[in-house]
Amino acid sequence: MNHDIDVKKVRVNCFRQSKVAGEFMLQLRVPAGLVSAKHLALVQELCETYGNGTFHIGTRMTFDIPGIKYENIEACNKKIKEYIQEVDVEMCCVDMNTIAHQPTEYDPEGGYPTIGARNIMACIGNVHCIKGNANTQELAHKIERLIFPSHYHIKVAVAGCPNDCVKANFNDFGIMGIYKMNYDYDRCIGCGACARACEHHATGVLTLNKDGKIDKDACCCVGCAECVIACPTSAWTRGDKHLYRVTLGGRTGKQNPRSGKLFLNWVTEDVILGMFANWQKFSAWALDYKPEYLHGGHLIDRVGYKEFVKHIFEGVEFNPEAKVADDIYWAENEQRGNMHVMPLSKHKTAGPQNK
């Protein structure tokens, strides 16, 4: 069957074009990579009824259903109505009647209204992992309602600790749960377990001194809590504040892949949520209110770090422990750098343009 298909429109609806003409792959959002097991029955039904009988666990933790014929997209969208309601609306408290915080009429039988904000990735976090410092699901759900639905492209991942099993470093925003540690001098028995754990698993900032107690080089502590896990007497404990580290601008891709750079350290959840609350407004301003397919990190590059910071922290109040990068310097070899040298007519612009 021949089709005159608007591929861009179908992609916005979260159906990815296949190499097979007229076939697409539906990507179901799974915020933080965790949903009720009952939804697997829907995935199976979609795969066997409309797809090719297989499903793929997407690289961004989505449920991907390949082999869907173009003529079956409407039926699929109606079928996932309850899934979107239970996962995004009820679990994440997403307002589907807005796009980028602007009122927009939502058709519950029309599937996903946008694809711009990609599925938020997360490790299992402290609901299971002994090394987890953060409830990654709860934070991911709070971020989901701030960045979705949206036509502006952003990739976010939440790691429960600096192990970064979810590869948050390769996202536009990579968030890692950390703590300031408390040390009880009197409870310490001088066994050195914390120092050995820190040297083996972390940054080696702990040493056993001549008095049989622990010295700490606080400047290099990454807040991982390996010392807490190793201590047999609870001389080391996590502090009272849930804190986070955030890396910025990480990405894969053919042009200039790179690991994210340290952006924020020792910040609270309120700082992170305040920052994401400004993302839509910043993106709209930077693109002159004309959404286009541009990764968040590329958008920040186009605007420049200093200008980005002005917008993303508007109205955000920082906790006393918070640290923010004064500037970020991206490293590129000469081969990568040369690709940016081009005629002035091809240079990209940022912000509203005076016509």
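For the structure itself, look to the data block above.
Asks: Outline the pairing of strand β2 (residues 23-28), supporting the account with residue identities and numerical values.
Replies: For β2, the buried fraction is high: 5 of the 6 residues fall into the buried class. Two elements, strand β1 (residues 15-17) and β2, share 3 bridges in a ladder whose sense is antiparallel. Its bridge partner being in β2, Arg16 is matched across the sheet by Met25. Here β1 hands over to β2 after 5 residues, with Gly22 in that stretch at a positive phi of 80°. When β2 meets strand β4 (residues 63-69), the two strands line up antiparallel, connected through 5 bridges. Bridged to Leu28 within β4 is Phe63.

Asks: Before we move on, could you go through helix α10 (residues 296-303) and cite the residues and values that matter?
Replies: Turning to α10, its buried residues are Gly296, Gly297, Leu299, Ile300 and Val303. One side of α10 carries all its buried residues, which in axial view fall inside an arc of 160°. Here the buried face of α10 lies against β14 (243-248), α9 (279-286) and α11 (305-312).

Asks: I'd love a proper account of the sheet that holds β4, names of residues and values included.
Replies: Read across the sheet, 4 strands follow the order β1-β2-β4-β3 without closing on themselves; strand pairing throughout is antiparallel. Two strands bound the open sheet, and with one partner strand each, they are β1 and β3 (56-57). Sheet strands in contact with helix α2 (residues 39-49) are β2 and β4, and its direction is about 25° off that of β4.

Asks: Account for the pattern of salt bridges, naming residues and giving values.
Replies: Using the criterion set out here, one finds 17 salt bridges in the structure. A salt bridge links Arg29 to Asp88; the nearest nitrogen and oxygen atoms lie 4.0 Å apart. Taken together, the positions of Arg29 in the loop between β2 and α2 and Asp88 in helix α4 (residues 81-91) put the pair 59 residues apart, joining distant regions of the chain. Note on Asp88: relative accessible area 1%, which makes it buried.

Asks: Lay out the packing of aromatic side chains in plain terms, naming residues and giving numbers.
Replies: This model, assessed by the stated rule, comprises 13 aromatic pairs. Centre to centre, the rings of Tyr112 and Phe148 are 6.3 Å apart; their planes meet at 70°, and the pair counts as edge-to-face. Of this pair, Tyr112 sits in the loop between β6 (102-103) and β7 (121-122) while Phe148 sits in the loop between α5 (136-147) and β8 (156-159), and the two are 36 residues apart along the sequence. Judged on exposure class, the residue Tyr112 and its partner Phe148 are both buried. Judged by centre distance (5.2 Å) and plane angle (75°), the ring pair of Phe282 and Phe308 falls under edge-to-face. With a gap of 26 residues between them, Phe282 in helix α9 and Phe308 in helix α11 connect regions that are remote in the sequence.

Asks: Can you break down the sheet that holds β14 residue by residue, with the values?
Replies: Read across the open sheet, the 6 strands follow the order β7-β8-β9-β14-β15-β16; overall the sheet is mixed. Because the sheet does not close on itself, it has two edges, and the strands there are β7 and β16 (323-324). The pairing of β7 with β8 spans 2 bridges and is parallel. Bridge pairing in β8 links Ala122 to Val158.

Procedures and definitions
- Residues numbered from 1 in each chain as written.
- Predicted model: local features only at pLDDT ≥ 70, side-chain atom pairs only at ≥ 80, totals over all residues.
- Heavy atoms only, no water.
- Buried < 20%, exposed > 50% of the residue type's maximum accessible area, 1.4 Å probe, protein only.
- Helix = DSSP H or I, 4+ residues; strand = E, 2+ residues; numbered from the N terminus.
- Pairing = 2+ DSSP bridges.
- Arc of directions from axis to C-beta.
- Contact = heavy atoms within 4.5 Å.
- Axes fitted to C-alpha atoms, helices over the stretch in contact; angles between N-to-C directions.
- Salt bridge = Lys/Arg side-chain N within 4 Å of Asp/Glu carboxyl O.
- Phe/Tyr/Trp six-rings, centres within 6.5 Å; stacked < 30°, edge-to-face > 60°.

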